[in-house]
Amino acid sequence: MKIEIIDNFCMEYYVKILEKTFDGSHDGQGGFPWFYKNDLNDKSAPGNFYLTNLVIMDYKMINGTWISLFIPLLDQLKIPISNVCRLKVNFYPRTQRRVHHQSHTDYKPNSGLTTALYYLNENNGVTIFDGKKTVKSKRNRVAFFDGSIKHHSTTPTDCNHRVTINVDYKL
């Protein structure tokens, strides 16, 4: 499995905007809305939840209020918005011990899609592919991969949260 990793992917000014928006320190009224999901693994075990916001699904805007926030990232990725099948933001809270979430795929094989996973903040959470390859969460990093290959996330234990932006798109 090929995973392409690019560090220092976005301009620092834009990264700081994303950080302020997603970490709760955004100035002004309100903030980015997070939705609780309790379906990462065994629902009875502590740490098996996350917060998320689905912005685009099946090429349709779900949460258009925030789309302008993601345009610079899509421009840097060189992905026209019309090619975005799914755009989702994930917020994993800190846990005492690293929790491995259930392996999943983002889409079916041979669907003509690829995945860009953008890591907003530095932490010791990782993404594990095929149970073998690991990508560390490094601030302003993007990983390109075939999202039809099984992979899973983990929680961070060294900071309050881990934020990733998942973009599944047509080539």
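Look up: the structure comes first, before these words.
Residues numbered from 1 in each chain as written. Predicted model: local features only at pLDDT ≥ 70, side-chain atom pairs only at ≥ 80, totals over all residues. Heavy atoms only, no water.

1. Details of the pattern of salt bridges
Our working definition: The salt bridge criterion pairs a side-chain nitrogen of Lys or Arg with a carboxyl oxygen of Asp or Glu, the two atoms within 4 Å. Only DSSP runs of H or I with at least four residues qualify as helices, and only runs of E with at least two residues qualify as strands; both kinds are numbered from the N terminus onward. When a residue's accessible area, from a 1.4 Å probe over protein chains only, is under 20% of the maximum for its type it is buried; when over 50% it is exposed; and in between it is partly exposed.
This structure, assessed with the given rule, holds 6 salt bridges. A salt bridge links Asp168 to Arg86; the shortest N-O distance between them is 2.9 Å. Linking Asp168 in strand E11 (residues 161–170) with Arg86 in strand E5 (residues 84–93), this pair joins segments that are 82 residues apart in sequence. With a relative accessible area of 2%, Asp168 lands in the buried category. Where salt bridges share partners, they join Asp7, Lys138 and Arg141 into one cluster.

2. Points about the sheet that holds strand E8 (residues 133–136)
Heads up, the condition is: Any two strands are treated as partners once DSSP identifies two or more bridges connecting them. Fitting a line to C-alpha atoms yields each axis, with helices limited to the stretch in contact; the angle taken between N-to-C directions then spans 0 to 180 degrees.
Pairing is antiparallel across the open sheet formed by 3 strands, whose spatial order is E8-E7-E10. Every other strand in the sheet has two partners, leaving E8 and strand E10 (151–153) as the edge strands with one partner each. Strand-to-strand, the axes of this sheet are offset by a mean angle of 20 degrees, without reference to chain direction.

3. Comments concerning the pairing of strand E3 (residues 50–57)
Where a strand is regular, its side chains alternate between the two sheet faces. Both strand E2 (residues 35–37) and E3 contribute to a ladder of 3 bridges, which runs antiparallel. In the strand pairing of E3, Phe35 is matched with Thr52. Inspection of the sheet shows E3 paired to E5 by 6 bridges, in the antiparallel sense. Pairing of Leu51 across the sheet is with Phe91, part of E5. In this sheet, strand E4 (residues 60–61) lies alongside E3 in antiparallel orientation, the contact comprising 2 bridges. Counted as the bridge partner of Met57 is Lys60 from E4.

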